[in-house]
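So the chains spell out like this:
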Amino acid sequence: MGTDATQIKTYNNVIDTIKCVAESHLQINAVTTGDIYDIDLAKHTIFPLCHINPINTIVSKNQLTMNFQIFIMDLVQVNKYNTNTTNMNQNIPVDNEQEVLSDTQQIAVDIISIFLHSATLQSSGNDYNGRMITGGDFTLEPFVERFDNSLAGYVFTLPVEVMNQNQSCYIPFEADKICIK
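Owing to the predicted nature of the structure, the values given are computational and were not obtained by experimental measurement. (Residues numbered from 1 in each chain as written. Predicted model: local features only at pLDDT ≥ 70, side-chain atom pairs only at ≥ 80, totals over all residues. Heavy atoms only, no water.)

(A) Inspection of the overall build of the chain at higher detail. Within the chain, the regular secondary structure consists of 2 helices and 7 strands. Ordering the α and β elements of the chain from the N terminus gives α-β-β-β-β-β-α-β-β. (Helix = DSSP H or I, 4+ residues; strand = E, 2+ residues; numbered from the N terminus.)

Structure representation (structure tokens):
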């Protein structure tokens, strides 16, 4: 069986697929990519936000494993004061942090589920077809950050495996040049 363009997946294919999965989730309003410091922490972004942070790529004989940190985050809003305290003169702000953590955790689980169980992203039997696969257990780490705005959510590592034939015949390389010195 010959190799065609659908079998070999590149970094661009993987990023575009992760973005598509996140953009298709009805609770995510924005998707960004890049270094964690590239996240728009001003109030210009419409939250909830999914941010894709590339970590590394592991090259093995027949596959590439691209690892990404996926951040799912939302704004924590202080919306009222709790007056049910023993000292009625003390107004304690109440926020929706627990609700934000609950929602962003479920969104993270939804994204993982798509990569684990979607027939369009998975290989079937021994017929790899160059699809993206991921497996194993995932650790969701909660975070609460206080910047210009308060953000909370979860971050997890998503390893995506794609076929890599390591074909030296297709490398743009000067063939008649001898590199042994």
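(B) Inspection of the confidence of the model for the chain at higher detail. In this model, the chain carries a mean pLDDT of 81, and residues with pLDDT of at least 70 account for 70%. Per-element averaging of pLDDT across the chain places strand β4 (residues 78–82) at the bottom with 64 and strand β2 (residues 49–59) at the top with 96. In this model, residues 1–6 is a region of pLDDT below 50 whose contacts with residues beyond four sequence positions or in other chains number 7 contacts. (pLDDT = per-residue confidence, 0-100. Contact = heavy atoms within 4.5 Å.)

(C) Structural context of helix α2 (residues 97–117). Across its 21 residues, α2 extends 30 Å between first and last C-alpha, which sits within 8% of the 30 Å expected from 1.5 Å per residue. Among all positions in α2, only V100, L101, T104, I107, A108, I111, I112 and F115 are buried. In an axial view of α2, the angular spread of the buried residues amounts to 135°, which keeps them on one side of the axis. Away from its buried face, by an angle of more than 90 degrees, α2 presents the exposed residues Q98 and H117. (Expected span 1.5 Å × (residues − 1). Buried < 20%, exposed > 50% of the residue type's maximum accessible area, 1.4 Å probe, protein only. Arc of directions from axis to C-beta.)

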